[in-house]
Amino acid sequence: ILMIYFLVSGVFKIAVAVAGRGNPGIGWLAVNGVLSVVIGLIILADMPDAADWAIGLLVGIDFIFAGWSLISLGMTGRELENEL
């Protein structure tokens with residue numbers, strides 16, 4: 001289930017980043033999408049033999065990048081609001 005989640009969410013994040021090209025801070029979303037796809041492929045390939053600690057580490061890394069992406073997009077939204 002985690003593999004499907006990471007692959008689908010990664011593809012959608014990349015699609016949103018491509019659609020929003022040119023907007024400041026959208027690069028973090030693209031990086032997060034690529035990272036999610038890579039994590040999904042690692043889980044699919046069963047690289048770390050599906051050890052609990054490895055899956056937890058990968059989910060934690062994804063959460064960190066997702067947090068940075070949301071912070072970056074939120075700060076960009078605040079800057080755009082001030083310009084209006």
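Structure: see above.
Here is a short report on the structure shown in this document.

Thresholds applied
Residues numbered from 1 in each chain as written. Predicted model: local features only at pLDDT ≥ 70, side-chain atom pairs only at ≥ 80, totals over all residues. Heavy atoms only, no water. Helix = DSSP H or I, 4+ residues; strand = E, 2+ residues; numbered from the N terminus. Expected span 1.5 Å × (residues − 1). Buried < 20%, exposed > 50% of the residue type's maximum accessible area, 1.4 Å probe, protein only. Contact = heavy atoms within 4.5 Å. Axes fitted to C-alpha atoms, helices over the stretch in contact; angles between N-to-C directions. Parallel < 35°, antiparallel > 145°, perpendicular 65-115°, else oblique. Left-handed = near helix turned anticlockwise from the far one by under 90°. Nonpolar A, V, L, I, M, F, W, Y, C, P; charged D, E, K, R; others polar.

We now examine helix α3 (residues 52-83). Its 32 residues place the ends of α3 47 Å apart at the C-alpha level, agreeing with the 46 Å of an ideal helix rising 1.5 Å per residue. Among the residues of α3, A54, L58, V59, D62, A66, S69, S72 and T76 are the ones counted as buried. Contact partners of the buried residues in α3: α1 (2-19) and α2 (26-45).

Following both chains from N to C, one finds α1 and α3 inclined at 20 degrees, their axes separated by 13 Å at the closest point. As the angle between them shows, α1 and α3 are arranged roughly parallel. Considering the relative orientation of α1 and α3, their crossing is left-handed. Along the contact surface, α1 presents L2, F6 and K13, while α3 presents I55, V59 and D62. In the contact of α1 with α3, the residues fall into four nonpolar, no polar and two charged.

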